[in-house]
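Report on the structure
Here's the letter readout for the chains.
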Amino acid sequence: INHIVHNGGLYKRPFNEAFEETPMLVAVLTYVGYGVLTLFGYLRDFMRQWKIEKCQNATEREEQKDFVPLYQDFENFYNRNLYMRIRDSWNRPICSVPGAKVDMMERVSHDYNWTFTYTGRVIKDIINMGSYNYLGFAQKTGACQEAAAKVLSQYGAGVCSTRQEMGNLDKHEELEKLVARFLGVESAMAYGMGFATNSMNIPALVGKGCLILSDELNHASLVLGARLSGATIRIFKHNNMQSLEKLLKDAIVHGQPRTRRPWKKILILVEGIYSMEGSIVRLPEVIALKKKYKSYLYLDEAHSIGALGPSGRGVVEYFGLNPEDVDVMMGTFTKSFGAAGGYIGGKKELIDYLRTYSHSAAYATSMSPPVVEQIVTSVKCIMGEDGTTIGEARVQQLAENTRYFRRRLKEMGFIIYGNEDSPVVPLMLYMPAKIGAFGREMLKRNIGVVVVGFPATPIIESRARFCLSAAHTKEMLDTALKEINEVGDLLQLKYSRRRLVPLLDRPFDETTYEETED
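As the structure is a prediction and not an experimental result, all values here were calculated from the model.

Cut-offs used in this document
- Residues numbered from 1 in each chain as written.
- Predicted model: local features only at pLDDT ≥ 70, side-chain atom pairs only at ≥ 80, totals over all residues.
- Heavy atoms only, no water.
- Phe/Tyr/Trp six-rings, centres within 6.5 Å; stacked < 30°, edge-to-face > 60°.
- Buried < 20%, exposed > 50% of the residue type's maximum accessible area, 1.4 Å probe, protein only.
- Lys NZ or Arg CZ within 6 Å of the ring centre and 35° of its normal.
- Pairing = 2+ DSSP bridges.
- Helix = DSSP H or I, 4+ residues; strand = E, 2+ residues; numbered from the N terminus.
- Axes fitted to C-alpha atoms, helices over the stretch in contact; angles between N-to-C directions.
- Contact = heavy atoms within 4.5 Å.
- Expected span 1.5 Å × (residues − 1).
- UniProt positions renumbered as here; feature names shortened; annotations may be inferred.
- Core = buried A, V, L, I, M, F, W, Y, C linked by side-chain atoms within 4.5 Å.
- Domains from an automatic or database assignment.
- Arc of directions from axis to C-beta.
- Parallel < 35°, antiparallel > 145°, perpendicular 65-115°, else oblique.
- Left-handed = near helix turned anticlockwise from the far one by under 90°.
- Nonpolar A, V, L, I, M, F, W, Y, C, P; charged D, E, K, R; others polar.

A separate point is the packing of aromatic side chains. This model, assessed by the stated rule, comprises 17 aromatic pairs. When the ring of Phe46 is compared with that of Trp50, the centres are 6.4 Å apart and the planes differ by 55°; the resulting orientation is tilted. Overall, the relative accessible area of 57% leaves Trp50 in the exposed class. Taken together, the aromatic side chains of Tyr11, Phe15, Tyr318 and Phe319 make up a single cluster linked through ring pairs. Of note, Arg107 hangs over the ring of Phe116, and the distance from its end group to the ring centre comes to 4.1 Å.

The structure is reproduced here in C-alpha coordinates:
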(Lines give C-alpha, C1' and ligand atoms only; values in the text may rest on other atoms or scores of the structure.)
Protein backbone atom coordinates (compact mmCIF):
# COMPACT_ATOMS: atom_id res chain seq x y z
CA ILE A 1 0.00 0.00 0.00
CA ASN A 2 1.20 3.46 -0.93
CA HIS A 3 0.77 5.67 2.11
CA ILE A 4 1.95 8.30 4.55
CA VAL A 5 1.26 7.48 8.18
CA HIS A 6 -0.84 9.97 10.13
CA ASN A 7 0.20 10.32 13.76
CA GLY A 8 -1.77 10.57 16.95
CA GLY A 9 -1.15 11.68 20.53
CA LEU A 10 1.60 9.13 21.19
CA TYR A 11 4.02 10.73 18.74
CA LYS A 12 6.09 13.79 19.57
CA ARG A 13 7.45 14.17 16.03
CA PRO A 14 6.32 13.55 12.43
CA PHE A 15 6.45 9.89 11.42
CA ASN A 16 6.32 9.52 7.64
CA GLU A 17 6.69 6.20 5.84
CA ALA A 18 5.98 5.37 2.20
CA PHE A 19 5.30 1.97 0.64
CA GLU A 20 4.03 2.63 -2.85
CA GLU A 21 2.09 -0.27 -4.32
CA THR A 22 3.60 -2.35 -7.12
CA PRO A 23 2.19 -1.28 -10.51
CA MET A 24 -0.02 -4.08 -11.87
CA LEU A 25 1.84 -4.40 -15.19
CA VAL A 26 5.19 -4.60 -13.40
CA ALA A 27 3.86 -7.31 -11.05
CA VAL A 28 2.53 -9.36 -13.99
CA LEU A 29 5.79 -9.04 -15.95
CA THR A 30 7.77 -10.02 -12.83
CA TYR A 31 5.74 -13.21 -12.40
CA VAL A 32 6.14 -13.96 -16.11
CA GLY A 33 9.91 -13.43 -15.80
CA TYR A 34 10.17 -15.91 -12.93
CA GLY A 35 7.93 -18.30 -14.84
CA VAL A 36 10.20 -18.23 -17.91
CA LEU A 37 13.30 -18.72 -15.74
CA THR A 38 11.64 -21.67 -13.99
CA LEU A 39 10.72 -23.32 -17.33
CA PHE A 40 14.26 -22.95 -18.61
CA GLY A 41 15.51 -24.29 -15.27
CA TYR A 42 13.50 -27.49 -15.68
CA LEU A 43 14.74 -27.78 -19.27
CA ARG A 44 18.37 -27.45 -18.18
CA ASP A 45 17.88 -29.94 -15.33
CA PHE A 46 16.51 -32.39 -17.90
CA MET A 47 19.56 -31.81 -20.10
CA ARG A 48 21.91 -32.31 -17.12
CA GLN A 49 20.17 -35.55 -16.20
CA TRP A 50 20.79 -36.95 -19.69
CA LYS A 51 24.40 -35.66 -19.75
CA ILE A 52 23.64 -33.24 -22.60
CA GLU A 53 24.79 -30.36 -20.36
CA LYS A 54 27.58 -30.65 -17.81
CA CYS A 55 26.26 -30.80 -14.22
CA GLN A 56 28.37 -28.55 -11.98
CA ASN A 57 26.32 -28.53 -8.78
CA ALA A 58 26.91 -30.80 -5.77
CA THR A 59 25.42 -34.26 -6.31
CA GLU A 60 25.65 -37.61 -4.53
CA ARG A 61 28.16 -40.12 -5.83
CA GLU A 62 26.86 -42.93 -8.01
CA GLU A 63 27.31 -45.52 -5.25
CA GLN A 64 25.17 -43.33 -2.93
CA LYS A 65 22.24 -42.90 -5.31
CA ASP A 66 19.97 -45.12 -3.16
CA PHE A 67 20.78 -43.21 0.04
CA VAL A 68 18.65 -40.40 1.45
CA PRO A 69 19.85 -37.35 -0.55
CA LEU A 70 22.59 -35.44 1.24
CA TYR A 71 22.26 -32.26 -0.82
CA GLN A 72 18.45 -32.17 -1.28
CA ASP A 73 18.81 -31.78 -5.01
CA PHE A 74 15.40 -30.38 -5.90
CA GLU A 75 15.51 -27.85 -3.05
CA ASN A 76 18.57 -26.33 -4.72
CA PHE A 77 16.59 -25.67 -7.90
CA TYR A 78 16.50 -21.93 -7.29
CA ASN A 79 20.24 -21.73 -6.55
CA ARG A 80 21.14 -23.78 -9.60
CA ASN A 81 18.98 -22.13 -12.20
CA LEU A 82 18.13 -18.60 -11.03
CA TYR A 83 20.64 -17.43 -8.42
CA MET A 84 23.61 -18.80 -10.38
CA ARG A 85 22.81 -16.53 -13.34
CA ILE A 86 23.32 -13.39 -11.22
CA ARG A 87 25.74 -14.77 -8.63
CA ASP A 88 28.39 -12.25 -9.68
CA SER A 89 26.34 -9.54 -7.92
CA TRP A 90 27.21 -10.98 -4.50
CA ASN A 91 30.26 -11.99 -2.46
CA ARG A 92 32.46 -9.46 -4.24
CA PRO A 93 35.83 -9.38 -2.46
CA ILE A 94 36.97 -5.96 -1.27
CA CYS A 95 40.58 -5.30 -0.24
CA SER A 96 40.38 -2.09 1.79
CA VAL A 97 38.62 -0.53 4.75
CA PRO A 98 34.82 -0.57 4.10
CA GLY A 99 34.59 3.22 4.37
CA ALA A 100 32.92 5.75 2.07
CA LYS A 101 35.05 4.33 -0.76
CA VAL A 102 36.44 0.82 -1.20
CA ASP A 103 38.88 -1.06 -3.42
CA MET A 104 37.55 -4.24 -5.01
CA MET A 105 39.34 -7.20 -6.54
CA GLU A 106 38.27 -7.77 -10.13
CA ARG A 107 37.04 -11.24 -11.01
CA VAL A 108 35.64 -12.85 -14.15
CA SER A 109 33.72 -16.04 -14.86
CA HIS A 110 34.04 -18.16 -18.00
CA ASP A 111 31.36 -20.70 -17.05
CA TYR A 112 28.32 -18.52 -16.30
CA ASN A 113 29.16 -17.80 -12.63
CA TRP A 114 29.81 -21.39 -11.51
CA THR A 115 33.43 -20.45 -10.80
CA PHE A 116 35.35 -17.16 -10.71
CA THR A 117 38.91 -16.26 -11.69
CA TYR A 118 40.74 -13.26 -10.26
CA THR A 119 42.42 -11.09 -12.86
CA GLY A 120 44.92 -9.55 -10.42
CA ARG A 121 43.51 -6.06 -11.09
CA VAL A 122 42.09 -3.94 -8.25
CA ILE A 123 39.24 -1.54 -8.99
CA LYS A 124 40.04 1.57 -6.97
CA ASP A 125 37.81 4.14 -5.21
CA ILE A 126 34.38 2.55 -5.63
CA ILE A 127 31.76 4.62 -3.79
CA ASN A 128 30.47 2.28 -1.10
CA MET A 129 26.66 2.43 -0.88
CA GLY A 130 26.24 -0.99 0.71
CA SER A 131 28.10 -1.23 4.05
CA TYR A 132 26.39 -0.60 7.40
CA ASN A 133 29.01 2.03 8.23
CA TYR A 134 26.38 4.51 9.41
CA LEU A 135 28.62 6.84 11.43
CA GLY A 136 31.81 6.32 9.44
CA PHE A 137 33.78 4.62 12.22
CA ALA A 138 35.04 1.93 9.83
CA GLN A 139 38.36 3.64 9.15
CA LYS A 140 42.08 2.89 9.25
CA THR A 141 43.16 6.24 10.70
CA GLY A 142 41.98 8.37 13.61
CA ALA A 143 41.37 7.98 17.33
CA CYS A 144 39.59 4.61 17.14
CA GLN A 145 42.32 2.97 15.10
CA GLU A 146 45.07 4.37 17.32
CA ALA A 147 43.36 3.23 20.52
CA ALA A 148 42.69 -0.25 19.10
CA ALA A 149 46.32 -0.58 17.96
CA LYS A 150 47.55 0.40 21.43
CA VAL A 151 45.31 -2.19 23.12
CA LEU A 152 46.39 -4.82 20.57
CA SER A 153 50.02 -4.31 21.58
CA GLN A 154 49.08 -4.57 25.29
CA TYR A 155 46.46 -7.38 25.33
CA GLY A 156 46.98 -9.22 22.04
CA ALA A 157 44.25 -10.23 19.60
CA GLY A 158 42.45 -13.09 21.38
CA VAL A 159 41.29 -13.97 24.89
CA CYS A 160 41.15 -17.79 24.54
CA SER A 161 38.52 -18.24 27.25
CA THR A 162 34.90 -17.49 28.14
CA ARG A 163 33.79 -14.62 30.36
CA GLN A 164 32.94 -17.04 33.19
CA GLU A 165 36.43 -18.54 33.25
CA MET A 166 39.66 -16.65 32.41
CA GLY A 167 38.29 -14.33 29.74
CA ASN A 168 36.78 -11.48 31.78
CA LEU A 169 39.04 -8.48 31.13
CA ASP A 170 38.90 -5.02 32.67
CA LYS A 171 38.14 -3.78 29.14
CA HIS A 172 34.96 -5.86 29.04
CA GLU A 173 33.80 -4.39 32.33
CA GLU A 174 34.55 -0.87 31.10
CA LEU A 175 32.63 -1.49 27.88
CA GLU A 176 29.51 -2.78 29.65
CA LYS A 177 29.38 0.14 32.08
CA LEU A 178 29.80 2.57 29.18
CA VAL A 179 27.06 0.89 27.09
CA ALA A 180 24.66 0.98 30.07
CA ARG A 181 25.28 4.72 30.48
CA PHE A 182 24.89 5.30 26.76
CA LEU A 183 21.55 3.48 26.66
CA GLY A 184 20.25 4.94 29.93
CA VAL A 185 19.69 1.53 31.55
CA GLU A 186 20.81 -0.05 34.81
CA SER A 187 23.14 -2.65 33.34
CA ALA A 188 24.36 -4.16 30.07
CA MET A 189 26.23 -7.19 28.80
CA ALA A 190 28.35 -7.48 25.65
CA TYR A 191 28.68 -10.50 23.36
CA GLY A 192 31.16 -11.39 20.65
CA MET A 193 28.60 -11.94 17.86
CA GLY A 194 25.53 -9.88 17.01
CA PHE A 195 23.59 -12.80 15.47
CA ALA A 196 24.19 -14.97 18.54
CA THR A 197 23.10 -12.14 20.85
CA ASN A 198 19.56 -12.77 19.59
CA SER A 199 19.63 -16.47 18.78
CA MET A 200 21.25 -17.55 22.07
CA ASN A 201 19.58 -15.14 24.52
CA ILE A 202 15.91 -15.41 23.52
CA PRO A 203 15.92 -19.12 24.54
CA ALA A 204 17.24 -18.04 27.96
CA LEU A 205 14.30 -15.66 28.43
CA VAL A 206 11.33 -17.73 27.23
CA GLY A 207 10.51 -21.41 26.84
CA LYS A 208 7.67 -23.88 26.75
CA GLY A 209 4.43 -22.34 27.95
CA CYS A 210 5.48 -18.87 26.81
CA LEU A 211 4.20 -16.93 23.79
CA ILE A 212 6.32 -14.92 21.36
CA LEU A 213 4.62 -12.31 19.16
CA SER A 214 7.00 -11.58 16.30
CA ASP A 215 6.85 -9.06 13.47
CA GLU A 216 6.61 -10.87 10.13
CA LEU A 217 9.76 -9.10 8.84
CA ASN A 218 12.01 -9.73 11.84
CA HIS A 219 15.65 -10.67 11.21
CA ALA A 220 16.71 -14.32 10.88
CA SER A 221 18.53 -14.15 14.24
CA LEU A 222 15.29 -13.27 16.03
CA VAL A 223 13.43 -15.99 14.14
CA LEU A 224 16.08 -18.60 15.01
CA GLY A 225 16.14 -17.54 18.67
CA ALA A 226 12.37 -17.78 18.88
CA ARG A 227 12.37 -21.26 17.31
CA LEU A 228 15.17 -22.52 19.57
CA SER A 229 13.33 -21.34 22.67
CA GLY A 230 10.51 -23.87 22.30
CA ALA A 231 7.94 -21.14 22.94
CA THR A 232 4.78 -20.81 20.86
CA ILE A 233 5.32 -18.25 18.06
CA ARG A 234 2.62 -16.11 16.47
CA ILE A 235 3.30 -13.60 13.71
CA PHE A 236 1.74 -10.15 13.36
CA LYS A 237 1.71 -8.09 10.19
CA HIS A 238 4.64 -5.74 9.71
CA ASN A 239 4.34 -2.66 11.94
CA ASN A 240 0.56 -3.23 12.11
CA MET A 241 -0.68 -2.39 15.59
CA GLN A 242 -4.20 -3.71 14.99
CA SER A 243 -2.74 -7.10 14.08
CA LEU A 244 -0.51 -7.07 17.19
CA GLU A 245 -3.35 -6.07 19.50
CA LYS A 246 -5.63 -8.77 18.11
CA LEU A 247 -2.98 -11.40 18.91
CA LEU A 248 -2.50 -9.95 22.41
CA LYS A 249 -6.25 -10.02 23.08
CA ASP A 250 -6.60 -13.57 21.80
CA ALA A 251 -3.61 -14.70 23.88
CA ILE A 252 -5.08 -13.30 27.08
CA VAL A 253 -8.67 -14.41 26.41
CA HIS A 254 -7.94 -17.94 25.19
CA GLY A 255 -4.62 -18.76 26.90
CA GLN A 256 -2.61 -21.78 25.84
CA PRO A 257 -4.03 -24.23 23.27
CA ARG A 258 -5.97 -27.21 24.68
CA THR A 259 -5.29 -26.50 28.39
CA ARG A 260 -6.47 -22.84 28.27
CA ARG A 261 -4.02 -22.02 31.03
CA PRO A 262 -2.62 -18.46 31.01
CA TRP A 263 0.68 -18.00 29.16
CA LYS A 264 3.69 -17.89 31.48
CA LYS A 265 5.08 -14.90 29.58
CA ILE A 266 4.15 -12.96 26.45
CA LEU A 267 7.19 -11.47 24.67
CA ILE A 268 6.88 -9.02 21.76
CA LEU A 269 9.83 -9.09 19.33
CA VAL A 270 10.43 -6.02 17.15
CA GLU A 271 13.34 -4.27 15.43
CA GLY A 272 14.24 -0.57 15.54
CA ILE A 273 14.92 -0.25 11.79
CA TYR A 274 13.94 -3.11 9.50
CA SER A 275 16.93 -3.70 7.26
CA MET A 276 15.05 -4.73 4.11
CA GLU A 277 12.12 -2.30 4.28
CA GLY A 278 13.83 0.79 5.68
CA SER A 279 10.90 1.19 8.06
CA ILE A 280 11.07 2.27 11.71
CA VAL A 281 9.11 0.43 14.38
CA ARG A 282 6.01 2.25 15.68
CA LEU A 283 7.54 2.08 19.15
CA PRO A 284 5.20 4.46 21.03
CA GLU A 285 2.24 2.29 20.04
CA VAL A 286 4.05 -0.97 20.78
CA ILE A 287 4.92 0.29 24.28
CA ALA A 288 1.32 1.43 24.81
CA LEU A 289 0.06 -2.04 23.89
CA LYS A 290 2.73 -3.71 25.99
CA LYS A 291 1.64 -1.74 29.05
CA LYS A 292 -2.05 -2.24 28.35
CA TYR A 293 -1.76 -6.03 28.09
CA LYS A 294 1.06 -6.53 30.65
CA SER A 295 3.48 -8.21 28.24
CA TYR A 296 7.25 -7.89 27.75
CA LEU A 297 9.07 -6.08 24.94
CA TYR A 298 12.32 -7.19 23.23
CA LEU A 299 13.72 -4.44 20.98
CA ASP A 300 16.46 -5.23 18.44
CA GLU A 301 18.33 -2.01 17.68
CA ALA A 302 20.97 -3.50 15.37
CA HIS A 303 20.41 -0.89 12.66
CA SER A 304 18.97 1.97 14.74
CA ILE A 305 21.51 2.38 17.55
CA GLY A 306 23.85 5.20 16.58
CA ALA A 307 21.81 5.92 13.44
CA LEU A 308 18.67 7.45 15.00
CA GLY A 309 18.01 10.06 17.65
CA PRO A 310 19.53 13.52 18.19
CA SER A 311 22.54 12.01 19.98
CA GLY A 312 22.57 8.58 18.30
CA ARG A 313 20.93 6.65 21.13
CA GLY A 314 18.56 4.81 18.84
CA VAL A 315 14.85 4.52 18.26
CA VAL A 316 13.95 5.07 21.94
CA GLU A 317 15.56 8.51 21.88
CA TYR A 318 14.19 9.16 18.37
CA PHE A 319 10.65 8.98 19.78
CA GLY A 320 11.55 10.66 23.09
CA LEU A 321 10.62 7.59 25.14
CA ASN A 322 11.88 6.23 28.46
CA PRO A 323 14.40 3.35 28.11
CA GLU A 324 12.82 1.71 31.18
CA ASP A 325 9.69 1.03 29.10
CA VAL A 326 11.68 -1.45 26.98
CA ASP A 327 12.31 -4.64 28.95
CA VAL A 328 15.15 -5.99 26.78
CA MET A 329 17.24 -3.57 24.69
CA MET A 330 19.40 -5.44 22.21
CA GLY A 331 21.78 -4.00 19.64
CA THR A 332 24.96 -4.74 17.72
CA PHE A 333 28.37 -3.09 17.47
CA THR A 334 28.82 -4.20 13.86
CA LYS A 335 27.21 -1.20 12.17
CA SER A 336 27.33 2.29 13.66
CA PHE A 337 30.41 1.48 15.77
CA GLY A 338 32.52 -0.13 13.05
CA ALA A 339 33.36 -3.19 15.17
CA ALA A 340 31.85 -6.61 15.95
CA GLY A 341 29.56 -8.16 18.56
CA GLY A 342 26.33 -7.22 20.28
CA TYR A 343 24.85 -6.19 23.63
CA ILE A 344 21.76 -6.55 25.79
CA GLY A 345 20.74 -3.78 28.17
CA GLY A 346 18.03 -3.56 30.81
CA LYS A 347 17.39 -4.03 34.51
CA LYS A 348 20.25 -5.31 36.66
CA GLU A 349 18.22 -8.42 37.50
CA LEU A 350 17.85 -9.24 33.81
CA ILE A 351 21.56 -8.89 33.07
CA ASP A 352 22.61 -10.87 36.16
CA TYR A 353 20.26 -13.65 35.03
CA LEU A 354 21.71 -13.67 31.50
CA ARG A 355 25.29 -13.79 32.81
CA THR A 356 24.42 -17.16 34.31
CA TYR A 357 21.92 -18.67 31.89
CA SER A 358 22.84 -17.25 28.45
CA HIS A 359 24.58 -19.76 26.17
CA SER A 360 26.55 -16.88 24.64
CA ALA A 361 27.94 -15.99 28.06
CA ALA A 362 28.70 -19.52 29.20
CA TYR A 363 30.15 -21.09 26.06
CA ALA A 364 31.37 -18.35 23.71
CA THR A 365 34.87 -16.90 23.74
CA SER A 366 35.14 -13.34 25.06
CA MET A 367 35.32 -10.36 22.74
CA SER A 368 38.72 -9.52 21.25
CA PRO A 369 40.36 -6.62 23.20
CA PRO A 370 41.08 -4.42 20.12
CA VAL A 371 37.43 -4.80 19.06
CA VAL A 372 36.33 -3.80 22.56
CA GLU A 373 38.54 -0.71 22.42
CA GLN A 374 37.15 0.25 19.00
CA ILE A 375 33.65 0.19 20.52
CA VAL A 376 34.66 2.08 23.68
CA THR A 377 36.39 4.83 21.70
CA SER A 378 33.53 5.22 19.19
CA VAL A 379 30.84 5.29 21.91
CA LYS A 380 32.79 7.92 23.86
CA CYS A 381 33.11 9.92 20.64
CA ILE A 382 29.34 9.77 20.06
CA MET A 383 28.68 10.80 23.68
CA GLY A 384 31.20 13.67 23.45
CA GLU A 385 33.34 12.24 26.25
CA ASP A 386 36.45 12.47 24.07
CA GLY A 387 36.32 16.26 24.39
CA THR A 388 35.22 16.82 20.79
CA THR A 389 31.95 17.30 18.91
CA ILE A 390 32.94 14.84 16.15
CA GLY A 391 30.41 12.22 17.25
CA GLU A 392 27.51 14.68 17.39
CA ALA A 393 28.48 16.07 13.98
CA ARG A 394 28.50 12.55 12.49
CA VAL A 395 25.01 11.79 13.80
CA GLN A 396 23.72 15.04 12.30
CA GLN A 397 25.55 14.43 9.01
CA LEU A 398 23.97 10.98 8.69
CA ALA A 399 20.49 12.46 9.22
CA GLU A 400 21.14 15.14 6.56
CA ASN A 401 22.54 12.61 4.08
CA THR A 402 19.54 10.33 4.63
CA ARG A 403 16.90 12.99 3.98
CA TYR A 404 18.77 14.40 0.96
CA PHE A 405 19.36 11.02 -0.68
CA ARG A 406 15.79 9.82 -0.17
CA ARG A 407 14.29 13.09 -1.44
CA ARG A 408 16.41 13.10 -4.60
CA LEU A 409 15.57 9.47 -5.45
CA LYS A 410 11.85 10.15 -5.06
CA GLU A 411 12.12 13.24 -7.25
CA MET A 412 13.71 11.09 -9.96
CA GLY A 413 10.65 8.81 -9.98
CA PHE A 414 11.94 5.68 -8.24
CA ILE A 415 9.77 3.73 -5.81
CA ILE A 416 11.51 4.07 -2.44
CA TYR A 417 10.38 2.15 0.64
CA GLY A 418 10.61 3.09 4.30
CA ASN A 419 10.73 5.98 6.73
CA GLU A 420 12.12 9.35 5.67
CA ASP A 421 14.63 9.23 8.58
CA SER A 422 15.88 5.68 7.93
CA PRO A 423 19.46 5.42 6.56
CA VAL A 424 18.45 2.10 4.95
CA VAL A 425 17.03 3.05 1.53
CA PRO A 426 15.41 0.27 -0.57
CA LEU A 427 14.96 1.11 -4.27
CA MET A 428 12.49 -1.26 -5.95
CA LEU A 429 13.68 -3.27 -8.97
CA TYR A 430 10.96 -5.96 -9.13
CA MET A 431 11.99 -8.00 -12.20
CA PRO A 432 14.58 -10.79 -11.77
CA ALA A 433 16.69 -9.79 -14.78
CA LYS A 434 17.05 -6.27 -13.39
CA ILE A 435 18.61 -7.49 -10.15
CA GLY A 436 21.88 -8.53 -11.79
CA ALA A 437 21.72 -5.80 -14.43
CA PHE A 438 21.46 -3.02 -11.83
CA GLY A 439 24.39 -4.35 -9.77
CA ARG A 440 26.60 -4.77 -12.84
CA GLU A 441 25.76 -1.39 -14.37
CA MET A 442 26.42 0.41 -11.10
CA LEU A 443 29.77 -1.36 -10.67
CA LYS A 444 30.75 -0.29 -14.21
CA ARG A 445 30.21 3.28 -12.99
CA ASN A 446 32.32 2.70 -9.84
CA ILE A 447 29.36 2.53 -7.44
CA GLY A 448 29.12 -0.49 -5.11
CA VAL A 449 25.53 -1.43 -4.28
CA VAL A 450 23.70 -4.34 -2.63
CA VAL A 451 20.90 -5.98 -4.63
CA VAL A 452 18.37 -8.29 -2.98
CA GLY A 453 15.90 -10.77 -4.46
CA PHE A 454 13.77 -13.78 -3.63
CA PRO A 455 13.85 -15.58 -1.16
CA ALA A 456 15.23 -12.71 0.98
CA THR A 457 12.29 -10.57 -0.23
CA PRO A 458 8.82 -11.42 -1.60
CA ILE A 459 9.07 -12.77 -5.13
CA ILE A 460 7.81 -9.59 -6.83
CA GLU A 461 9.66 -7.14 -4.55
CA SER A 462 13.31 -7.44 -5.56
CA ARG A 463 15.26 -4.30 -4.68
CA ALA A 464 18.56 -2.51 -4.39
CA ARG A 465 19.38 -1.47 -0.84
CA PHE A 466 21.49 1.60 -0.17
CA CYS A 467 22.98 2.23 3.28
CA LEU A 468 23.92 5.83 3.94
CA SER A 469 26.92 6.89 5.99
CA ALA A 470 28.09 10.04 7.73
CA ALA A 471 31.34 9.48 5.81
CA HIS A 472 29.58 10.16 2.49
CA THR A 473 30.19 13.70 1.27
CA LYS A 474 27.59 15.59 -0.75
CA GLU A 475 29.83 15.22 -3.80
CA MET A 476 29.84 11.43 -3.39
CA LEU A 477 26.07 11.31 -3.01
CA ASP A 478 25.58 13.57 -6.05
CA THR A 479 27.87 11.31 -8.09
CA ALA A 480 25.98 8.21 -6.96
CA LEU A 481 22.60 9.87 -7.63
CA LYS A 482 23.70 10.90 -11.14
CA GLU A 483 24.72 7.32 -11.96
CA ILE A 484 21.59 5.84 -10.36
CA ASN A 485 19.46 8.21 -12.46
CA GLU A 486 21.31 7.14 -15.61
CA VAL A 487 20.97 3.42 -14.84
CA GLY A 488 17.32 3.95 -13.87
CA ASP A 489 16.64 5.34 -17.34
CA LEU A 490 18.66 2.58 -19.00
CA LEU A 491 16.81 -0.23 -17.17
CA GLN A 492 13.45 1.61 -16.99
CA LEU A 493 13.25 1.49 -13.18
CA LYS A 494 11.29 4.71 -12.58
CA TYR A 495 7.98 3.10 -11.68
CA SER A 496 6.64 5.67 -9.20
CA ARG A 497 3.25 7.25 -9.86
CA ARG A 498 3.53 9.38 -6.68
CA ARG A 499 0.06 8.59 -5.35
CA LEU A 500 0.09 8.96 -1.56
CA VAL A 501 -2.92 7.91 0.49
CA PRO A 502 -3.28 7.71 4.29
CA LEU A 503 -2.60 4.30 5.84
CA LEU A 504 -4.51 5.15 9.01
CA ASP A 505 -7.31 7.66 9.06
CA ARG A 506 -7.48 8.13 12.81
CA PRO A 507 -5.03 8.97 15.61
CA PHE A 508 -3.86 6.41 18.14
CA ASP A 509 -3.44 6.85 21.85
CA GLU A 510 -3.17 4.39 24.72
CA THR A 511 -6.93 4.01 25.14
CA THR A 512 -8.29 3.95 21.61
CA TYR A 513 -7.03 0.71 20.08
CA GLU A 514 -9.80 -1.06 18.19
CA GLU A 515 -9.84 -4.25 16.18
CA THR A 516 -10.20 -3.64 12.47
CA GLU A 517 -10.42 -5.81 9.43
CA ASP A 518 -6.91 -6.75 8.21
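On to the sheet that holds strand 10 (residues 328-332). Taken in spatial order, the seven strands of this open sheet run 5-11-10-9-8-6-7, and their pairing is mixed. With one partner strand each, in any of the chains shown, strand 5 (187-191) and strand 7 (232-236) form the two edges of the open sheet. Neighbour to neighbour, the strand axes of the sheet diverge by 20° on average, direction disregarded. Note that strand 6 (residues 211-215) and strand 7 share five bridges and pair parallel. Each residue of the ladder has a partner; that of Leu213, found in strand 7, is Arg234. Sheet strands touched by helix 4 (residues 170-183): strand 5, strand 10 and strand 11 (342-346). Its angle to strand 5, the strand with the most contacts, is close to 125°. The sheet contacts of helix 8 (residues 241-254) involve strand 6, strand 7 and strand 8 (266-271), and relative to strand 7 the element is tilted by about 150°.

Over its 23 residues, helix 14 (residues 390-412) runs 33 Å from end to end, which matches the ideal 33 Å to within 8%, given 1.5 Å per residue. Packed against the buried residues of helix 14 are helix 13 (369-383), strand 12 (418-419), strand 13 (424-430), strand 16 (462-467) and helix 16 (474-491). Trailing helix 14 by a residue or two, Gly413 shows a phi angle of about 105°, which is positive.

On the UniProt side, "domain: Aminotransferase class I/classII large" (unreviewed entry) is annotated at positions that read residues 124-484 here. When the span residues 124-484 is considered, its composition is 42% helix and 17% strand, and the gap between its end C-alpha atoms is 19 Å.

Met129, Phe405, Leu409, Phe438 and Phe466 are the most contacted members of the largest nonpolar core, which totals 107 residues. Summarising the domain contributions, this core has at least three residues from each of domain 1 (24-87) and domain 2 (143-383). Residue contacts for Phe405: discarding those within four places in its chain leaves Met129, Val425, Phe466, Leu468, Leu477, Leu481 and Ile484. Counting 21 residues, the second-largest nonpolar core is a separate cluster that includes Tyr191, Ile202, Ala226 and Ala361.

Taking 1.5 Å of rise per residue, the 13 residues of helix 3 (residues 143-155) would be expected to cover 18 Å, and the 18 Å separating its terminal C-alpha atoms lies within 8% of that figure. Restricting attention to buried positions, one finds in helix 3 the residues Cys144, Ala147, Ala148 and Val151. Down the axis of helix 3, the smallest arc covering the buried residues is 100°, so these residues share one side. Opposite the buried face of helix 3, at more than 90 degrees from it, the exposed residues are Glu146, Lys150 and Ser153. On its buried face, helix 3 is in contact with helix 4 and helix 13. Gly156 sits one or two residues past helix 3 and shows a positive phi near 85°.

It is at 11 Å that the axes of helix 14 and helix 16 come closest, and there the two elements cross at 20°. Our classification of the angle between helix 14 and helix 16 gives roughly parallel. Crossing of helix 14 against helix 16: the hand is right-handed. When helix 14 is examined against helix 16, the residues Asn401, Tyr404, Phe405, Arg408, Leu409 and Met412 are found in contact with a partner set consisting of Lys474, Leu477, Asp478, Leu481, Ile484 and Asn485. By residue class, the composition of the contact of helix 14 with helix 16 is seven nonpolar, two polar and three charged.

With antiparallel pairing, three strands are arranged side by side in an open sheet as 13-16-15. Where the open sheet ends on each side, the last strands, each with one partner, are strand 13 and strand 15 (450-452). Direction aside, the axes of adjacent strands within the sheet are offset by 25° on average. Bridge count between strand 15 and strand 16: three bridges; the pairing is antiparallel. Bridged to Val452 within strand 16 is Arg463.

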